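Per-entry structural report
Letter by letter, the chains look like this.
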Amino acid sequence: MCLIESAEDIGSNILKVKLKGLERCKIEGFKMNPTFYTVDKISPLVDEHESDMEIDFAFQKLQSLLDKFLEIVSYDLGDAFTSDLDRDGMSSIVFKLLTTMPLDYKEKQRMLSCTLLSERIYTLTDFLDTEIQLIKIEQEIKGSIEEQINNQLNEKMKSGLGSNDEWQEMLKKAKSMGLPDEVMEVVDEEVKRARAMPPLSSETNVIKSYLDCILSLPWGKCSDDVLDLKKANKVLDDDHYGLDEVKDRILDFLAVKQLTGKISGSILCLVGPPGVGKTSLASSVARCMGREFVRISLGGVRDEAEIRGHRKTYIGAMPGRIISGLKKAGTSNPVMLLDEIDKMSSDFRGDPASAMLEVLDPEQNTTFNDHYLNLDYDLSKVLFICTANDWSRIPGPLLDRMEMIRISGYTDIEKVQIARNYLLKKQMEKHGVKKEQVIVTDTTIGKVINHYTREAGVRNL
């Protein structure tokens, strides 16, 4: 009998074992070091009481399971073997299997400890049977997970980016919008590119965002202008006290639009100290004309891309503020307020004031080209109104394209009337106070103006 304390496979069909006793074992070609014997071949002496029929039956079952195992796992055992072997041949094959199979060394030790050949065969057969069942279960789980992933990917491909139905809907929407020919050609080309790409490609997402931007713009869509000068005068008077010269100039501007049917002349620029009503005047102009109102704040803008947009090849690219304002308005002829135009500055990213030259020049803005769209858009129908606190800070070329309308500060008498007729009503409504609950005299308002809010406008008041 051979007792093995530990064993490990060191390759080349040699098993390195630690032995206790060598009786009833036939060992061939071994070398001894201080701890281990390196053995070329170990074979037990076959028990004479084992029947050949029992060994043949066990060996046939082993061979059947081994065939199934090799079908599932790519594993090389060398030359094939048959069942018509004698006991020594079967014993050699069993030892070869023990040394080459992916067994833990404890399992190998347990099998080598068996004294009967049939017992070793049955032990190895049990291992193969268990291993086959585990591999089948693992493959079933893996197949189920792969099937779920494939189903999810198919669902995304159907309902996500790049589905044929979605591209078809985009083309249908583009045709129904009556886009200009050059724009329609770009849409067709982008849709063809997208269909030729993998559905989940990152480029597909870029194309989809680009087409969504194009289709969300109001190409040729305009609101009907209301050019009733009496109504416009009433709206301006209801919203603002005084400012007669400014109101007259705005009415003149509207009268020219009424006669010619188009906006002509320079861009209006309201210049004055803070709080005198520049922004609210532009809002009143939009209301009296029946147009949408869009406010674009230019204070602190120092990147040209804020006006012209970014190239769509950049990550996170988006159109400039002018195109974004048109998309927000939903029409091609809104009143667009360019607020604080004197507070733009320039740095290494470009000069936004230079980009505004094309926007505000009536001779050029019919073909305004945004870098993101890379298409010409007609801005000639937009009524641009600019505001500034200090006209001297506006660049000369930009100043030439605008008509200055100076709004001076209010006198104390005008401030009292504004507070009485406009500000006090708004504040009482805002705070839920009824007229009979609060009494504010003109003397009180005068003291607030002279001692607490000494300003040109009425913002703090």
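I will try to describe carefully the structure that is included in this document. Since the model is a prediction, treat every value here as computed from it, not as a measurement. (Residues numbered from 1 in each chain as written. Predicted model: local features only at pLDDT ≥ 70, side-chain atom pairs only at ≥ 80, totals over all residues. Heavy atoms only, no water.)

1. Focus on the overall build of the protein chain
A tally of helices and strands in the protein chain yields 16 helices and 11 strands. The burial tally for the protein chain puts 40% of its 461 residues in the buried class. Of the roughly 25,800 Å² that the protein chain leaves accessible, carbon and sulfur atoms contribute 50%. (Helix = DSSP H or I, 4+ residues; strand = E, 2+ residues; numbered from the N terminus. Buried < 20%, exposed > 50% of the residue type's maximum accessible area, 1.4 Å probe, protein only. Areas by Shrake-Rupley, 256 points an atom, 1.4 Å probe, with all protein chains shown as cover.)

2. Remarks on the pairing of strand S7 (residues 335–339)
It is a general feature of regular strands that their side chains alternate between the two faces of the sheet. Judged by how many residues are buried, S7 sits mostly within the fold: 5 of 5 residues are covered. Of the two faces of S7, both are covered, the one formed by Val 335, Leu 337 and Asp 339 as well as the one formed by Met 336 and Leu 338. Two elements, strand S6 (residues 293–297) and S7, share 5 bridges in a ladder whose sense is parallel. Bridge pairing in S7 places Arg 295 opposite Leu 337. Sheet analysis places S7 next to strand S10 (residues 383–388), joined by 4 bridges and oriented parallel. From the neighbouring strand, Leu 338 faces S10, where its bridge partner is Cys 386. (Pairing = 2+ DSSP bridges.)

3. Details of the state of the cysteines
This model, assessed by the stated rule, comprises 0 disulfides. Sulfur of Cys 269: no disulfide; nearest cysteine sulfur belongs to Cys 386 and is 5.3 Å away. (Disulfide = S-S within 2.5 Å.)

4. Focus: the nonpolar core
Counting 56 residues, the largest nonpolar core has Leu 338, Ile 341, Leu 360 and Met 402 as its most contacted members. Once you skip the residues sitting within four places of it in the chain, Ile 341 turns out to touch Leu 298, Leu 360, Cys 386, Thr 387, Ala 388, Ile 394, Leu 398 and Met 402. Among the nonpolar cores identified, the runner-up in size contains 29 residues, and Leu 227, Val 285, Leu 383 and Tyr 410 belong to it. (Core = buried A, V, L, I, M, F, W, Y, C linked by side-chain atoms within 4.5 Å. Contact = heavy atoms within 4.5 Å.)

5. A short note on the sheet that holds S10
Reading across the sheet, the 5 strands line up as S6-S7-S10-S5-S11 and stay open at both edges, with parallel pairing between neighbours. On the outer flanks of this sheet lie S6 and strand S11 (402–406), each paired with one strand and no other. Averaged over all adjacent pairs, the angle separating strand axes in this sheet is 25°, with direction ignored. As paired elements, strand S5 (residues 267–271) and S11 share 5 bridges and run parallel to each other. Bridge pairing in S11 links Cys 269 to Met 404. Sheet strands in contact with helix H9 (residues 244–260) are S5, S10 and S11, and its direction is about 150° off that of S11. Most of the contacts of helix H10 (residues 278–289) go to S10, to which it runs at about 165°, and overall it touches S5, S6, S7 and S10. (Axes fitted to C-alpha atoms, helices over the stretch in contact; angles between N-to-C directions.)

6. Concerning the pattern of salt bridges
Opposite charge on two side chains allows them to pair when their charged atoms are near. This structure, assessed with the given rule, holds 17 salt bridges. A salt bridge links Asp 238 to Lys 234; the nearest nitrogen and oxygen atoms lie 3.0 Å apart. Separated by 4 residues within a single helix, Asp 238 and Lys 234 lie in helix H8 (residues 229–239), roughly one turn from each other. On the basis of relative accessible area, Asp 238 is assigned to the partly exposed category, the value being 42%. As a salt-bridge pair, Asp 442 and Arg 420 come within 2.9 Å of each other at their nearest N and O atoms. With Asp 442 in helix H16 (residues 442–451) and Arg 420 in helix H15 (residues 412–430), this residue pair connects regions lying 22 residues apart in the sequence. Relative accessible area serves as the criterion here: at 43%, Asp 442 is assigned to the partly exposed category. (Salt bridge = Lys/Arg side-chain N within 4 Å of Asp/Glu carboxyl O.)

7. A closer look at the packing of aromatic side chains
Summed over all chains, the structure comprises 2 aromatic pairs. For the ring pair Tyr 210 and Tyr 372, a centre distance of 5.8 Å and an interplane angle of 70° mean the geometry is edge-to-face. On the criterion of sequence distance, the pair formed by Tyr 210 in helix H7 (residues 202–216) and Tyr 372 in the loop between strand S8 (368–369) and strand S9 (376–377) is long-range, its members being 162 residues apart. Since its relative accessible area comes to 2%, Tyr 210 is described here as buried. Relative to Tyr 377, the ring of Trp 219 has its centre 4.8 Å away and its plane inclined at 50°; by these criteria the two rings are tilted. Remark: Tyr 377 occurs in strand S9 and Trp 219 occurs in the loop between H7 and H8; sequence separation between them is 158 residues. For the pair shown, Trp 219 and Tyr 377 are each scored as buried. Residue placement shows Lys 312 over the ring face of Tyr 210; its charged tip is 4.5 Å from the ring centre. (Phe/Tyr/Trp six-rings, centres within 6.5 Å; stacked < 30°, edge-to-face > 60°. Lys NZ or Arg CZ within 6 Å of the ring centre and 35° of its normal.)

8. Here we look at unusual backbone geometry
Residues other than glycine seldom take positive phi values, yet Glu 340 does so here, at roughly 55°. Tracing the backbone shows Glu 340 in the loop between S7 and helix H13 (352–360).

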